[in-house]
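# Notes for the structure review
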Amino acid sequence: MLRLLAMLAKYVAFLLVLLNIRSFPLVWHFRLFRAFIQLGLSLQWHKLTHFYLPKAKRREALRAWYEKDQPIGVHPFRKEWGYKHWVGPDDSDFYLHMSNSSYPKIMDIVRFQLAPVSFPNLFRTGGWVALAATHFSFVREIPMFSTYEVRASIGAWDDKWLWCVCRFVKPPSTTKSKSRSNSKSEKNEANDADGTNFKPLKGNDKPNPDTVSCALLDRAARTTEPDGALLYTVAVSQCCFKQGRITIPPAVVFAANGFYAAPQADFPTQTPQPKAKAASSQNHQNKPRVEFPPHWPAVRKVTDSASTLRKFYAGGWREVPEGERWWEDAFRACEEERQERLVPFVGSKFEDAVGSKFAGGEKG
């Protein structure tokens, strides 16, 4: 009997260790920096396999390597990134559902996966993203051992701050949910898919947690997604871009990494170039051609060398004359939408500035 109990205890201990392996030392750090590690290894492999080329050819190849995964031509308010996770025992509390303290941990991992694929031209110069605040609205619990998806999107931005919206959802798995989503109008899908179609609400004269919380509660009242997914939690992260101690306007970083709000008549193709695992002539011929936005030649001048790009991020953008600021032209087509989206996040001061049409919650 003692021998049997000892064997049973050994298997139970092994099972507990296996179920909690994600909480081992350095495992969280690996999960956090995995995207950067993969990007760094891929870059070193590219340099190793192209060292024999002349200098000019190496520069062209390196530029093509950076551009192949950039969100070139992607509308910042139409793009959504999805990341799937599951709730382990180490993520759960004594109620056997995901602990409230686990949400920020997962959001750190999501942001670190999102950043290198969205802003590679920022990190190549040593730039970084600073997190100022995170706001949560918990709609329902996520049971232990269940899978869920984090859907990240760009909510709004101003001259300094970026608001990133993350929605924890249970993806639809039945044809019934798909048919329910197909019955929605295209207008509702476009407005709700990014999770930021909040009612404009009056707030204080400066950004404050209450303003964002009200916007979150308004979003949380809609407990299903356009595709029928069940909404668990809505979270908003307030961030800013940094080069050293210098704050970079989000529009500068967005445009320098390929994002573009295109007038439909001028730039119909807004899908990014698909990711490629290896550079081969056959794969290159099969890939659809990427339509570069009009401001891309100006971006290439700045990004030709890391030192030039670093100086530009560190304040060089201020020296560009008013009429030549290509990052402003890149998002001129969505300027009205950007201002409308800002109202729930920054409150009544901006609401008064953009006009009475956004006042009083007339648009939702």
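Residues numbered from 1 in each chain as written. Predicted model: local features only at pLDDT ≥ 70, side-chain atom pairs only at ≥ 80, totals over all residues. Heavy atoms only, no water.

- The name given to the protein in an unreviewed UniProt entry is Peptidase A1 domain-containing protein, with the source organism recorded as Favolaschia claudopus.
- Under the UniProt heading Sequence similarities (unreviewed entry), the note attached to the protein is "Belongs to the lcsJ thioesterase family." (UniProt positions renumbered as here; feature names shortened; annotations may be inferred.)

## What to know about the packing of helix H2 (residues 27–49) against helix H3 (residues 55–67)
- It is at 11 Å that the axes of H2 and H3 come closest, and there the two elements cross at 155°. On the basis of the axis angle, H2 is roughly antiparallel to H3. In this structure, H2 crosses over H3, and the sense of that crossing is right-handed. On H3, the residues that touch Leu39, Ser42, Leu43 and His46 of H2 are Ala61, Leu62, Trp65 and Tyr66.
- Looking at the contact of H2 with H3 residue by residue, the classes come out as six nonpolar, two polar and no charged. (Axes fitted to C-alpha atoms, helices over the stretch in contact; angles between N-to-C directions. Helix = DSSP H or I, 4+ residues; strand = E, 2+ residues; numbered from the N terminus. Parallel < 35°, antiparallel > 145°, perpendicular 65-115°, else oblique. Left-handed = near helix turned anticlockwise from the far one by under 90°. Contact = heavy atoms within 4.5 Å. Nonpolar A, V, L, I, M, F, W, Y, C, P; charged D, E, K, R; others polar.)

## Some points on the packing of aromatic side chains
- Tallied over the full model, the rule gives 28 aromatic pairs.
- When the ring of Trp65 is compared with that of Tyr66, the centres are 5.1 Å apart and the planes differ by 80°; the resulting orientation is edge-to-face.
- You can call Trp65 buried: its relative accessible area is 10%.
- Overall, Tyr66 belongs to the buried group, its relative accessible area being 13%.
- Geometrically, the ring pair formed by Phe119 and Phe254 is stacked, given 5.8 Å between the ring centres and 20° between the ring planes. On the criterion of sequence distance, the pair formed by Phe119 in the loop between helix H4 (102–118) and helix H5 (120–123) and Phe254 in helix H9 (residues 250–256) is long-range, its members being 135 residues apart. Here Phe119 matches Phe254 in class, with each residue buried.
- Among the aromatic side chains, those forming a connected cluster through ring pairs are Phe77, Trp81, Phe119, Trp157, Phe241, Phe254, Phe259 and Phe331.
- The ring of Tyr11 carries the charged tip of Lys10 above its face, separated from the ring centre by 5.7 Å.
- Taking the ring centre of Phe77 as reference, the NZ or CZ of Arg341 above it sits at 4.1 Å. (Phe/Tyr/Trp six-rings, centres within 6.5 Å; stacked < 30°, edge-to-face > 60°. Buried < 20%, exposed > 50% of the residue type's maximum accessible area, 1.4 Å probe, protein only. Lys NZ or Arg CZ within 6 Å of the ring centre and 35° of its normal.)

## A short note on the pairing of strand S3 (residues 147–157)
- Among the 11 residues that make up S3, 10 are buried, leaving the element largely enclosed by the rest of the structure.
- With seven bridges joining them, strand S1 (residues 80–86) and S3 adopt antiparallel strand pairing. Within S3, the position partnered with His85 by the bridge is Tyr148.
- Sheet topology note: the S3/strand S4 (residues 162–170) ladder contains eight bridges and is antiparallel. The residue bridging Glu149 from the neighbouring strand is Val169, located in S4.
- As consecutive antiparallel partners, S3 and S4 are separated by four residues. (Pairing = 2+ DSSP bridges.)

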